[in-house]
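Coordinates in review
Given next are the chains, with one letter for each unit.
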Amino acid sequence: MIKNISFTLNGEKREIKVEASLRLLDVLRDHLALTGTKCGCGEGECGACTVVVNGQAINSCLVPIGKAQDADIWTVEGLQNGDELHPVQEAFLEMGAVQCGFCTPGMLMSAKALLDRNQSPTPEDIEKALGGNICRCTGFVKIIEAVKYAAAKMRGENPSKDDYRTLEKSSIVAGEQRQDVETPKGRVFGKRLWDVDGVAKVTGALKFAADYETEDMLYGALVWAPIACGKLEGLDTVEAEKQPGVVKILTYKDVPGENAFGCFKLDQPVFCRDKINFYGDMLALVIAEDMATARRAAKLVKVDVEETDGAYTMEDGIAKDLVMASVDHEMGDVETGREMAYLHLRGDFDMERVEHGYLEPEAAMGVWHGDDGVQVISCTQSPFEIRKMLTKVLNLPEDKIQVTASPLGGAFGGKCDTYIESAAAVAAIAVQRPVMIPLNREESMKLTTKRHAFKNHYELGLSEEGKILYLDTDIVSDAGSYTILSPGVLQQACIFSGGPYEIPNIKVRGRTIRTNNSQGGAFRGFGINQSAICIETLLDEAAEKLNIDPFELRRRNALKVGSTTVTGEILKQSVGIIDTINECQKIVERERPRFEAMYPEGKKGRKVLGIGMASGFKNVGVGKGLADDGGCILTILPDGRIEMRASGVDMGQGFRTAMVQIAAEKLGRDPEDFIIVSGDTNETLHHNQIVSGHVYHAGRLGKSDFVCESG
């Protein structure tokens, strides 16, 4: 039922005529253009949509606008008073409580609701108030510190920020293996800075992919596979096409070029033609004047399928000869090591796939620019890989394709891959208007990659003194239906299968298996974690059986300068594993009495204090001899400021701030003097999707010179 709804919004009287059952979230975003309020889950679980209604923090995705009659509503856009930030906004910036920024508006509103009624909250009060808000990036420590700091400011105090940075401490330690480590010092190095996009994040002004809008924009809703494996016999779109507001329904026939996508291997269909391989396969795209119409019409598309037998376990995939890629590596002689070993340990490790859980669901907008080609705006880590891919999909040259990475609301590896960019680009060309495709949380989880499931068998042999003599391992991962990054993840799992230890004799067999399950892809660690848990678990068991301290056992086997890794690489510098073991042991021994006091009943069979340790290592950047390129163009503008076009994408890890910090230090300028542009194939130099490596290598430019040109 359409009603006139009156309410106060951010201190101003408003009246709107809408369907009363619409979510308050949709009214704020779609009708009032207040996109600072985010949709993370749509089910009241994540808190990204939090607003304050009549003094209470509520999930706007659960409240129909009809229930907001005469309500007093505040969103993140209402916190700022002119140019003056609200104390809670300023506190989040000062305490480093802002990373990707997607959850920040909701977090701020929950904090505001608390502090408006209680300006002296206890830590328990703060935790309870933020209990409905999820942050995937920060870990909440700095958020809690920020709320405490804001409370002090609102009480009229002038607090020292350091007095509120109490929940965690970090320090740089020069270890015994490396004495020349220096704490970064300089005008900008080693100083705390606000995130360069921080003000936009805390005011809700930063535009994430789903926040983009143009006057003539259309919306796309996908038709999904109803089965995980089978034949697609046909699609009946007649009823869907009859719906008022539906502009066009796309299928594989509308793809101008190759009907396949993928950042590295094009083997996933843009729209399925006759074969379905998993529940995330896309069959068609309904384009309509608004999202509600597009989704409603997509449900009316009739899908005719014939289900067939699939492979849903790695064992089944192996039996059906569905090995996608394999790795075999030997060094030394495992049989000799086996004969010499005093202790033999075996373990079978079954690790399930894991969802990334970033707060921002995927969205992509395709924009047709006529003779200038097509632009795709998307929350991706891989703009250049996607541009190259789209040349095949669209049958266009690279100079007619622009890919712009919007700010990312978290990624953790999950946005390395391409998902809906091809569909958005095809749609823009087909209707010659901008088309936005936003996924909801269910669709995101269905389509996107996960941390690979692994089944690993490890056999480890050690001498009586605790030296590792051999490792024999079989590593198997579940790739899902399409290639994506599964071969690369398998390689990393095998390369790092022995952990940061000297192992003279090793045999590694690795296979990644094609199945009809969810897609496997990049996730923090890129396959290394699944190997690390195996070797570390067996080392703990060895320490117990050999009666050697777990720290000492790892020290005896740790890599050092001059060591050879399990792949035959000789390490020439920067091997800090022994230092990390020593430092962690010092901290454990220092803190042990405090924690033991918390568990006085442990020896009586109640709660028991457990202390564990593990070591790990990872490469920086792509590795394996592959190009890890990137660059930066600095241009002095007429007003004296410097435009910085930097290779890389910011997904909450602070890439853009770090780049400005490095340039400001070298050029003797203030960070505020820089305008940074990143993540755009038309504006920056080529780079790959591994951004952490770019930050690391750029940080080593301390002895290099920049060249600036006037412009």
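Because the structure is predicted, anything quoted here is derived from the model rather than measured. (Residues numbered from 1 in each chain as written. Predicted model: local features only at pLDDT ≥ 70, side-chain atom pairs only at ≥ 80, totals over all residues. Heavy atoms only, no water.)

Most peptide bonds adopt trans geometry, and most residues besides glycine take a negative phi value. For Phe140, which is not glycine, the phi dihedral falls at a positive 75 degrees. When you line up the elements, Phe140 lands in the loop between helix H4 (123-129) and helix H5 (141-154). Look at Phe412: it is not a glycine, yet its phi comes out positive at around 60 degrees. Examined against the element boundaries, Phe412 turns out to sit in the loop between strand E16 (401-405) and helix H12 (421-431). (Helix = DSSP H or I, 4+ residues; strand = E, 2+ residues; numbered from the N terminus.)

For the rest of this paragraph, the subject is the sheet that holds strand E2 (residues 12-19). The five strands are arranged E2-E1-E5-E3-E4 in an open sheet whose pairing can be described as mixed. Every interior strand has two partners, whereas the edge strands, E2 and strand E4 (56-59), have only one. Sheet twist, expressed as the mean angle between neighbouring strand axes with direction ignored, is 40 degrees. Strands in contact with helix H1 (residues 24-31) are strand E1 (2-9), E2, strand E3 (50-53), E4 and strand E5 (72-74); relative to E2, the strand with the most contacts, it is inclined by about 105 degrees. Lying over the sheet, helix H3 (residues 104-117) contacts E3, E4 and E5, oriented at roughly 30 degrees with respect to E3. (Pairing = 2+ DSSP bridges. Axes fitted to C-alpha atoms, helices over the stretch in contact; angles between N-to-C directions. Contact = heavy atoms within 4.5 Å.)

Let's shift gears to helix H14 (residues 486-495). Taken across its 10 residues, H14 has seven buried, putting it largely inside the fold. Within H14, burial applies to Ser486, Gly488, Val489, Leu490, Gln492, Ala493 and Cys494. (Buried < 20%, exposed > 50% of the residue type's maximum accessible area, 1.4 Å probe, protein only.)

Right, let's talk about the packing of helix H2 (residues 87-94) against H5 for a bit. The interhelical angle for the contact between H2 and H5, taken along N-to-C directions, is 135 degrees, at an axis separation of 8 Å. By the angle between their axes, H2 is oblique relative to H5. As for the relative orientation of H2 and H5, their crossing is right-handed in sense. Across the interface between the two elements, Pro87, Val88, Glu90, Ala91, Phe92 and Glu94 of H2 pack against Ile143, Ala146, Val147, Tyr149, Ala150, Lys153 and Met154 of H5. (Parallel < 35°, antiparallel > 145°, perpendicular 65-115°, else oblique. Left-handed = near helix turned anticlockwise from the far one by under 90°.)

Positionally, Asn59 belongs in strand E4. Of note is the side chain of Asn59, whose polar atom sits 3.3 Å from the backbone oxygen of Gly44. Sequence-distant contacts of Asn59, that is, excluding residues within four places in its chain, are made with Gly44, Gly47, Cys49 and Thr50. (Polar contact = N/O pair within 3.5 Å; in protein donor to acceptor, adjacent residues only side chain to side chain.)

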